[in-house]
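# Reading the structure
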Amino acid sequence: MKIRALTAVAAGALLIAGAGAAAPAQAAAKKVTVEFLTVQNPTDTWPTTLQSLTKAYNAKFKQNVQLKISTYAQGDAYNQQTQLRASQGKLPLLYNVLSNQDQPKLFKKGMSADIVKLYKQLGIPGALAPAAADSLKKQFGGVALAVPFELNIEGFWYNKKMLADNGIAVPKTFEDLSAAAATLKAKGIQPFAASGMQGWPVTRIIGVYAQRVYGPTAIADAQAGTKVTYEGAPFVRGAKLVADWGKKGYFGDALATLDYMPAMDVFLQGKAAFFYMGSWALGQFTNTDNNKIGLDNVGFMGAPLVTGGKGVATEQPINTGLGIAVNPKLVNADTKGWLKYVLAEYGNEALKLRGQITGITVTKSPASVPALTVEITKAIAKVKNGMPWFESSMTQKAGDFGTHNVVNLASGSMSPADFLAGIVDNNK
Amino acid sequence: MSKILESRRTGVSFVAPALIVYTIVLLVPTIWSIGYSFYDGNLLDGFTFSGLSNWSTLLHDKEYWQVLRFTLEFALSVTVLQVGFGLGLALLYMFHIRKGGALIRTIVFFPVVLPTVAVAQLFKKMVEVYPQPGLVNALIEKIFGEGSAINFLASPTWALVIMVLMDVWRSMGFYGVLLYAGVVDVPEEIVEAARLDGASTMQLIRRIVLPLLKPVLFTSILFSINGTIKVYDTAIALTRGGPGISTTPLSIEVSQQAFNYGAYGYGTTIATSMAMISLVFSALLLRFNRKDASE
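Our subject in this report is the structure included herewith.

Definitions and cut-offs
Residues numbered from 1 in each chain as written. Chains lettered and ligands numbered in written order. Predicted model: local features only at pLDDT ≥ 70, side-chain atom pairs only at ≥ 80, totals over all residues. Heavy atoms only, no water. Helix = DSSP H or I, 4+ residues; strand = E, 2+ residues; numbered from the N terminus. Buried < 20%, exposed > 50% of the residue type's maximum accessible area, 1.4 Å probe, protein only. Contact = heavy atoms within 4.5 Å. Areas by Shrake-Rupley, 256 points an atom, 1.4 Å probe, with all protein chains shown as cover. Salt bridge = Lys/Arg side-chain N within 4 Å of Asp/Glu carboxyl O. Buried area = accessible area lost by both parts, 1.4 Å probe. Polar contact = N/O pair within 3.5 Å; in protein donor to acceptor, adjacent residues only side chain to side chain. Phe/Tyr/Trp six-rings, centres within 6.5 Å; stacked < 30°, edge-to-face > 60°.

When its secondary structure is counted, chain B shows 13 helices and two strands. Seen along its three principal axes, the alpha-carbon backbone of chain B occupies a region of about 75 × 75 × 35 Å. By residue count, 42% of the 295 residues in chain B fall in the buried class. In chain B, 68% of the contacts between residues at least 6 apart in sequence involve partners at least 24 apart. Of the accessible surface of chain B, which amounts to about 16,700 Å², a share of 69% is contributed by carbon and sulfur atoms.

Another aspect to go through is the pattern of salt bridges. All names here are of chain A. This model, assessed by the stated rule, comprises 15 salt bridges over all chains. The salt bridge involving D134 is made with K138; its shortest N-O contact spans 3.5 Å. Highlighted residues: D134 and K138, both in helix α6 (residues 130–139), separated by four residues, approximately one helical turn. In this structure K138 comes out as partly exposed when scored by relative accessible area, which is 45%. Between K161 and D165 there is a salt bridge, and its shortest N-O distance comes to 2.8 Å. With K161 and D165 both in helix α7 (residues 160–165) and four residues apart, the pair spans about one turn of that helix.

Residue-level contacts link 21 residues of chain B with 32 residues of chain A. Carbon and sulfur atoms supply 53% of the area buried between chain B and chain A, which totals about 2,300 Å² over both sides. Contact with chain A buries area across many residues of chain B, yet L44(B), Y130(B) and F259(B) alone supply 32% of it, more than any other trio. In this structure, D45(B) and K105(A) form a salt bridge, with 2.9 Å as the shortest nitrogen-oxygen distance. Our count for the contact surface shared by chain B and chain A stands at twelve residue pairs in polar contact (both at pLDDT 80 or more). In terms of residue count, the dominant contributor to the side of chain B that touches chain A is helix α12 (residues 250–260) of chain B (five residues).

All names here are of chain A. Evaluated as defined, the whole model comprises 36 aromatic pairs over all chains. For the ring pair W200 and Y260, a centre distance of 6.1 Å and an interplane angle of 35° mean the geometry is tilted. Remark: Y260 occurs in helix α12 (residues 260–268) and W200 occurs in helix α9 (residues 200–214); sequence separation between them is 60 residues. A centroid spacing of 6.2 Å and a plane angle of 55° characterise the contact between F267 and F285, whose relative ring orientation is tilted. Of this pair, F267 sits in helix α12 while F285 sits in helix α13 (residues 282–285), placing them 18 residues apart in sequence. In textbook terms, an aromatic cluster arises when at least three aromatic residues are bridged by ring pairs, as seen for F156, F174, F192, Y209, W245, Y250, F251, F274 and Y276.

Looking at the secondary structure, you find A56(A) in helix α2 (residues 45–61). Each C-alpha atom, one on A56(A) and one on I293(A), is 36 Å from the other, the two residues being 237 residues apart in sequence.

These results come straight from atomic positions and should not be treated as a statement about function.
Structure follows, in structure tokens:
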């Protein structure tokens, strides 16, 4: 009886001691849930990289941050959800930005942080690449309202072997490019791969051409409508170029029904020589399941010049993709440490995991980086003046008009004048 | 028992729960939406009263009239074809397919339960041009030679045809079963008497079956037209409203205006116009049915 009583007391004492020992460890590992509202699926680049960083943060700092990914399809579904949450004051800590017109409204309501200031407040100002900050300020009317989880350069990619086999030098100008397309077409090779279903891979050619004629401020000036308009000569020439290429069959027979990935497949399966796209596609180019022409066979020529135009080679289309906004109302003692770690380390982790170039400074290069990624990083570093994309300043309606009707422009069922007039009409 | 069932209070207590739910879930949002059509704004900017300006914009919006025209073309084509084919199937089941009728009805009904996106992928593959010609283009190239493939979904006219065919294929089994239920209700004695009098099958159908089937036929047409005016998933899954906006129906336009362009007021104006169009068709059909019944 006495022994039983003593055993019970000893067991009880052990339990109490164990609970006491556990209590400090449990208090240090308070569970904090951080939500990321996004258009990407959980296995895509941003969520995967953030999850990896969260795991590393928890291990390094003995924390218990749980990252919740909430995915909504880009377009109506995402816009609806974000607008609803904004009206309820329930935007999460991280979320994909709305349109260039709507995101500043969230900034005024205190739901979207000035990223340059945020990086300074977190004590990591050097982690934000100046080119990215500059591009973001241009995008949102003077204030950088998104974290650049991507830093992209756009331009024409080309199949090196196809050009070499047909005696074509890498084009430096749009005139050279048109001549190259004519040579390829004559030999039964489709010159350009493009997604007419998306529309923007074709409309961006118009924007780039106009900026090569007028200079890098073409889009901003056209939006202001003072020195030039979207119906002005530089844009008319760009629209005529696309109409001409379409008429000559340079985009192939399936432009209107090709979606984003099938168009990329046309290029990566060696069925077209040139492909206008941004460097976010590096993830697909380095994927051997998709890339049948080989990574070494993919070249990047950037945006060609126009003979007699005002554009120069150090001006290139640069953007930060669909940025990630930070809700300053949720930056607090629980989330600040995690946020600082993620915003400082994202560049390193994205490059390591997915070969993704971002607007966040890389301080630890991975052991091996594909040669094409190195080439693109150098190309971005050479850019002195980033050129925005065609729809960057337009209203959503004008942008949609352009992307929906560019296939009609390319097929000849809509004239360049009508196409540009439609953009101006819808840009009010 | 009959006293209880005949009392007004009993009737109200049976109907009340469903009526309350219907009012909260359907009537209140509908009236609220109609109210929004007199306002401008969105969830970010707030709402300001704008009177009839959205309605004025609607009347002068070329894009709206183009989208309306497409919606009506689609709705009327699909209604005529799916109810027509459904009627044909019902008569086939009644007069020709006796053995294995239930199995055949099930097989024909099967597409009704398939998800729209899956059916759209099927039709997309069938009319594909790239990366390889689909079934239809393979047949075309076999008959007319290589290079004669047609990019159906790149043409506004052909894209409409493919959309109509897709919806008709999906839904005709449903109307076949619905109308068959009506055909089966035709008294056997009348049919037998007509046969004894020497009526042919066509005469039977024209003089006896169709007149007696009118109420069910009318219901099917009403059902069909109201459903097809609201088409959304077929357009999104097959063409995304393209090329351009040539296959964009009113429902997609509502969504675009409200959520992409931040014009909730104008979006609900278009939605209200859809409801009005449905009402007009329903009223016309009801009137026609009443006139017919009184004759």
